[in-house]
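One letter stands for each residue in the lines below.
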Amino acid sequence: MKTLTMLMLGLGLTVSTLGNAAGLAVVDLAKVVENSTYLKQQNASLTQSIKPTSTKLEQLNKEIESLQQRAQSANQGDLQKLSAQFQAKVNEFTTTQQGLQAKVQSSIQASNNVFETRLKQAAEQLRKENNVDFILNKNTVIASDAQYDLTDKMIQKINAMK
């Protein structure tokens, strides 16, 4: 019985030591993204840069609707001209919309690449500063002690990067 107790105690110490050797910390990545000043600035900049094109698309849409309404009461001669105008406006709308989508996708990809680099740099700094071996996404961890949550520190580090 004494031997069994000593064996269990020894195993407990070994497991305890292993847990500390592989230092773990967690970060809520969703919260980091949500509180990133960089991503907020990029989003605001993107919104501002696409505003003229969005306005143009709204205007083209109104013109297309107007052409449709005029076509309903047009005679046969006017109908062909209206149809050609309608098709030209639809083509312009489609081309403009596709260009806008490409611009948005490109901008988002560039922002994500920069943010990912910053995230990795901040994570590595935090890992070293807190003497841990791994930083895991908090949303994939079933349970963790709040003392190992580095989310706020991560947000501060990322927001401090220029």
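Residues numbered from 1 in each chain as written. Predicted model: local features only at pLDDT ≥ 70, side-chain atom pairs only at ≥ 80, totals over all residues. Heavy atoms only, no water.

Turning next to the overall build of the protein chain. Across its full length, the protein chain holds 5 helices and 2 strands. For the protein chain, the succession of helices and strands along the chain, N to C, is α-β-α-α-α-β-α. Residue burial in the protein chain is summarised as follows: out of 162 residues, 20% are buried. Within the protein chain, residue pairs in contact and separated by at least 24 positions form 84% of the contacts whose partners lie at least 6 positions apart. With an accessible surface of roughly 11,500 Å², the protein chain has 55% of that area assigned to carbon and sulfur atoms. (Helix = DSSP H or I, 4+ residues; strand = E, 2+ residues; numbered from the N terminus. Buried < 20%, exposed > 50% of the residue type's maximum accessible area, 1.4 Å probe, protein only. Contact = heavy atoms within 4.5 Å. Areas by Shrake-Rupley, 256 points an atom, 1.4 Å probe, with all protein chains shown as cover.)

Turning our attention to helix 4 (residues 76-129). Taking 1.5 Å per residue as the helical rise, helix 4 with its 54 residues ought to reach 80 Å, and the 78 Å between its terminal C-alpha atoms agrees with that figure. Within the span of helix 4, buried status applies to Leu-82, Phe-93, Thr-96, Leu-100, Ser-111, Phe-115, Arg-118, Leu-119, Ala-122 and Leu-126. Just downstream of helix 4, Asn-131 is the residue with a positive phi angle, here 50°. (Expected span 1.5 Å × (residues − 1).)

Next up on the list: the packing of helix 4 against helix 5 (residues 151-160). Where helix 4 meets helix 5, the axes come as close as 9 Å, and the angle between the chain directions of the two elements is 125°. Accordingly, the angle class assigned to the pair helix 4 and helix 5 is oblique. Remark: the crossing between helix 4 and helix 5 carries right-handed chirality. Across from Phe-115, Arg-118, Leu-119, Ala-122, Ala-123, Gln-125, Leu-126 and Glu-129 in helix 4, the residues of helix 5 making contact are Lys-153, Met-154, Lys-157 and Ile-158. (Axes fitted to C-alpha atoms, helices over the stretch in contact; angles between N-to-C directions. Parallel < 35°, antiparallel > 145°, perpendicular 65-115°, else oblique. Left-handed = near helix turned anticlockwise from the far one by under 90°.)

Our focus in this paragraph is the packing of aromatic side chains. For the structure on display, the rule yields 0 aromatic pairs. It is Arg-118 that lies over the ring of Tyr-38; its NZ or CZ is 4.3 Å from the centre. (Phe/Tyr/Trp six-rings, centres within 6.5 Å; stacked < 30°, edge-to-face > 60°. Lys NZ or Arg CZ within 6 Å of the ring centre and 35° of its normal.)

Glancing now at unusual backbone geometry. Excluding glycine, residues mostly have negative phi values, and the peptide bonds linking residues are mostly trans. Unusually for a residue other than glycine, Asn-131 sits at a positive phi of about 50°. Take Asn-131: it is sitting in the loop between helix 4 and strand 2 (134-137).

What follows deals with the side chain of Ser-111. Summarising the element assignment, Ser-111 is placed in helix 4. When its relative accessible area of 7% is taken as the criterion, Ser-111 is described as buried. Not counting the four nearest positions on each side in its chain, Ser-111 is found in contact with Tyr-38, Leu-39 and Gln-42.

Moving on to helix 5. Taken as a whole, helix 5 has its buried residues at Thr-151, Met-154, Ile-155, Lys-157 and Ile-158. The arc that holds the buried residues of helix 5, viewed along the axis, is 165°, so those residues lie on one side. Those residues of helix 5 that are exposed and aimed more than 90 degrees away from the buried face are Gln-156 and Ala-160. Where the residues of helix 5 are buried, they touch strand 1 (24-27), helix 2 (29-34) and helix 4. (Arc of directions from axis to C-beta.)

Note that all results are geometric; they support no functional claim without further evidence.
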